[in-house]
Amino acid sequence: MIEVSESHAADVMGMPVRRALPRRQRRTVGAWCFVDHMGPVSIPDGTTIDTAPHPHVGLQTVTWLLNGEAVHRDSLGSEQTIRPGQLNLMTAGNGIAHSEEGMDGRHGPVHGVQLWVAQPDHTRHGASAFEHHAELPIVELPNAIATVLVGSLGELASPARRDTDHVGVDLQLRPGRTTVGVDTAHEHAVIVVDGAVRIADDQVHVVPGHLAYLGLQRSDITFEASDGARLLLLGGTPFESTVSMWWNFVARTHDEIDEANDAWRSGSDRFGDTGSRLARIPSPDTPWRHS
Ligand code: MN
């Protein structure tokens, strides 16, 4: 049984995004708790998309561009340009602030995915960190090229940090049929970023704007793309807790979120300074607290 949910259409810094996670009926897939498919969108010459400094707690951001580039800055002092084929992985732990700047149209339409991984209890109160991986493991499969962003696919393992047992793979499908072996202990989901894919045994058709949830206990998944397609396969052991997510924070309780929000508003060194020339993004009020 495959459950297909419609993504929520949102706008992030003027960029159209399809928010595939979280959805009401599906909050997490493994530890994956947020999936935004951004663009593709052409932006006018001479303009850039800039996401000003904002905080995170309790999650890892995974940035994967299909087209375009951006500069990541964070309060650890990192400054890193990311290009297609490269991975930025930022671990928030107890708190970090970052900005993403200078996405422009020099390289064609801006297109990518921004994903969050919920951190487990044993690391979510810990130190923040940032990793850039200029190269990732790539494998040729029948009718496909797989890039392992996080976790492993068969013998191939990504060097990216992982605090839980989860996996993220980019699959570029050529016309035809491709079978991918997966871990039976993982639940899996698929988003399509380009083209259309049929998940063969279930005859489910997936296009951009859908999240196809495949559940647990599959040992392989077969994709068919008559005209070629590109997708992300996400999976992992079901997450240990129910997460509480609001704005840029992933926690377990509203009190934890209020505490993080107060710290951001007061300019506390819990989040630090990114060194960006852009003004910090002010946080909204939490809906459950009336002051
Ligand atoms: Mn962010």
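Preceding this section is the structure that the text describes.
To start, this report covers the structure provided alongside it. Nothing here was measured: the structure is a model prediction, and the numbers come from that model.

Brief notes about the sheet that holds strand β21 (residues 204-206)
Pairing between the strands of a sheet is mediated by backbone hydrogen bonds and can be parallel or antiparallel.
(1) Moving on: The sheet built from four strands is open, its strands ordered β18-β23-β20-β21 with antiparallel pairing. The strands lining the two open edges of the sheet, one partner per strand, are β18 (176-181) and β21. Taking the axes of each pair of neighbouring strands and ignoring which way they run, one obtains an average angle of 30 degrees across the sheet.
(2) Moving on: Pairing of strand β20 (residues 197-199) with strand β23 (residues 220-225) involves two bridges; the strand directions are antiparallel. Residue R198 lies in a different strand from β23, and its bridge partner there is E224.

Focus on the coordination of the manganese ion
(1) Moving on: At 2.1 to 2.2 Å from the manganese ion lie its protein donor atoms, namely H54 (NE2), H56 (NE2) and H98 (NE2).
(2) Moving on: Read from N- to C-terminus, the donor residues coordinating the manganese ion fall into the pattern H-x1-H-x41-H. Taken together, the residues span a long stretch of sequence, with H54 in strand β5 (residues 48-56) and H98 in strand β10 (residues 96-104) at a distance of 44 residues.
(3) Moving on: H54 sits in the buried class, given a relative accessible area of 7%.
(4) Moving on: A residue is classified by how much of its surface remains accessible, and H98, at 2% relative accessible area, is buried.

Reading the values: rules and limits
Residues numbered from 1 in each chain as written. Predicted model: local features only at pLDDT ≥ 70, side-chain atom pairs only at ≥ 80, totals over all residues. Heavy atoms only, no water. Pairing = 2+ DSSP bridges. Helix = DSSP H or I, 4+ residues; strand = E, 2+ residues; numbered from the N terminus. Axes fitted to C-alpha atoms, helices over the stretch in contact; angles between N-to-C directions. Donors = N, O, S within 2.8 Å, 3.2 Å for Na, K, Ca; no water. Buried < 20%, exposed > 50% of the residue type's maximum accessible area, 1.4 Å probe, protein only.

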